[in-house]
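So you can see what is in the structure, the chains are spelled out below.
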Number of protein chains: 2
Amino acid sequence: MLSSACQDTIRAAVWLSTKPQDEYHHIQKISDALDLPYHFLAKSLQTLVHCNILISRRGANGGVKLAKASCDITLISLIEAVDGSTFFDACVLGIGDCEDEKPCALHAQWEKWRTEMHEMYSAMRLDEITDDVLLRKIKRL
Amino acid sequence: MLSSACQDTIRAAVWLSTKPQDEYHHIQKISDALDLPYHFLAKSLQTLVHCNILISRRGANGGVKLAKASCDITLISLIEAVDGSTFFDACVLGIGDCEDEKPCALHAQWEKWRTEMHEMYSAMRLDEITDDVLLRKIKRL
DNA sequence: CCTATTTAAGATTAAAAAATCTGAAATAAT
DNA sequence: ATTATTTCAGATTTTTTAATCTTAAATAGG
């Protein structure tokens with residue numbers, strides 16, 4: 001469903017959103033906190049830097065931070081940055097050019113879910129997740 | 001979302017459900033019709049034989065056929081046979097022991113979808129897909 | 001009984017995804 | 001300036017998944 005790189009990225013973004021926005025944080029610190037492989041996470045986070053979701057700074061006291069307030073970062077922007085939007089286009093039966101005009105047998109059913117998921121991911125913002133985490137004392141970023 | 005083996009299997013099952021139930025069909029014929037790799041498909045179909053969804057016969061005039069009427073075969077049985085039920089258990093953020101007591105940040109949202117999908121897959125039967133295919137002249141099995 | 005045919009099963013290879021490594025470039029602090 | 005730190009970028013390795021190959025076993029038909 002989501003690639004492991006994408007899962008890592010989301011967890012890292014949620015973690016960052018629980019910190020003051022203007023602080024830089026070492027990727028090493030994030031990977032330690034979330035128990036994720038450093039180099040693999042670093043690469044995914046670079047992608048977010050390129051998409052202007054994160055800002056990075058090299059060198060001593062460098063690190064990464066959110067480029068905007070967490071209420072302005074949608075989940076869909078993270079997912080599409082890392083995994084692309086193939087899931088939201090791709091046929092559930094793997095048929096290359098399955099489309100509305102030439103649908104596969106499951107096309108209609110899936111179209112509905114895909115739209116729902118896309119809407120939900122688009123509506124979901126980092127700050128909501130953070131609030132949820134703080135309120136319900138969820139420790140699993 | 002679904003492995004390619006699972007996609008192949010579903011397509012093959014739908015194809016078989018458009019044929020008389022008592023006829024054996026060569027796996028080669030199915031893989032030709034659906035343009036799928038023969039050996040890869042054969043292996044997935046073997047899994048269905050073990051799960052009593054298909055019956056196979058070796059030798060001349062052998063092949064595979066549905067073990068029961070297509071109205072008695074649910075989509076979920078195909079999916080779980082080939083891919084297992086990990087998708088319906090696994091955490092969307094990939095956290096090993098994410099559960100109701102120790103949920104991840106997206107747990108609640110996902111629980112809803114997972115349940116919906118599971119219900120939909122459980123409710124969806126091969127004959128419905130076939131009818132859909134015949135009615136709407138969908139040529140993409 | 002013999003042969004052509006076809007699935008069964010496991011081994012092998014290829015491709016894709018995930019994870020790691022290495023060296024370079026940038027930055028802050030001394 | 002020099003040094004320690006830390007991201008950047010691309011190469012490499014490992015693991016997983018997908019695809020193929022090979023041999024055996026079973027079956028129908030002559």
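Residues numbered from 1 in each chain as written. Chains lettered and ligands numbered in written order. Predicted model: local features only at pLDDT ≥ 70, side-chain atom pairs only at ≥ 80, totals over all residues. Heavy atoms only, no water.

### Topic: the protein's contact with DNA strand D
Here's step 1: Close contacts around DNA strand D come from 24 residues, with H26, I27, S56 and R58 of chain A together with P37 of chain B the closest.
Here's step 2: Those atoms of DNA strand D that come within 4 Å of the protein belong to sugar or phosphate at a rate of 68%.
Here's step 3: One nitrogen or oxygen atom from the side chain of R58 of chain A is found 3.1 Å from a sugar or linking oxygen belonging to DNA strand D.
Here's step 4: Every element with two or more residues in the surface near DNA strand D is listed here: helix 3 (38-50) and strand 1 (54-57) of chain A together with helix 3 (38-50) of chain B.
Here's step 5: Ranked by residues supplied to the surface near DNA strand D, first place goes to helix 3 of chain A with 4 residues.
Here's step 6: When the residues that make up the surface near DNA strand D are grouped by side-chain class, the tally is 6 nonpolar, 12 polar and 6 charged. (Near = heavy atom within 4 Å. Polar contact = N/O pair within 3.5 Å; in protein donor to acceptor, adjacent residues only side chain to side chain. Helix = DSSP H or I, 4+ residues; strand = E, 2+ residues; numbered from the N terminus. Nonpolar A, V, L, I, M, F, W, Y, C, P; charged D, E, K, R; others polar.)

### Topic: the relation of the copies chain B and chain A
Here's step 1: You can overlay chain B on chain A at an RMSD of 0.1 Å; the transform is a turn of 180° with a shift of 0.1 Å along its axis. Both chain copies can therefore be described as sitting about a two-fold axis. For chain B, the smallest separation between a C-alpha atom and the rotation axis is recorded for M1 of chain B, amounting to 2.2 Å.
Here's step 2: The residues that chain B uses at the interface reappear at the interface of chain A in 100% of cases, marking a shared surface. (Least-squares fit on C-alpha atoms with pLDDT ≥ 70 in both. Contact = heavy atoms within 4.5 Å.)

### A word on the protein's contact with DNA strand C
Here's step 1: Taken together, the neighbourhood of DNA strand C is formed by 24 residues, with P37 of chain A together with H26, I27, S56 and R58 of chain B sitting nearest.
Here's step 2: A breakdown of the atoms of DNA strand C within 4 Å of the protein gives sugar and phosphate a share of 68%.
Here's step 3: Y38 of chain B places a polar side-chain atom, nitrogen or oxygen, 3.2 Å from a phosphate oxygen of DNA strand C.
Here's step 4: A distance of 2.9 Å separates a sugar or linking oxygen of DNA strand C from a polar atom in the side chain of R58 of chain B.

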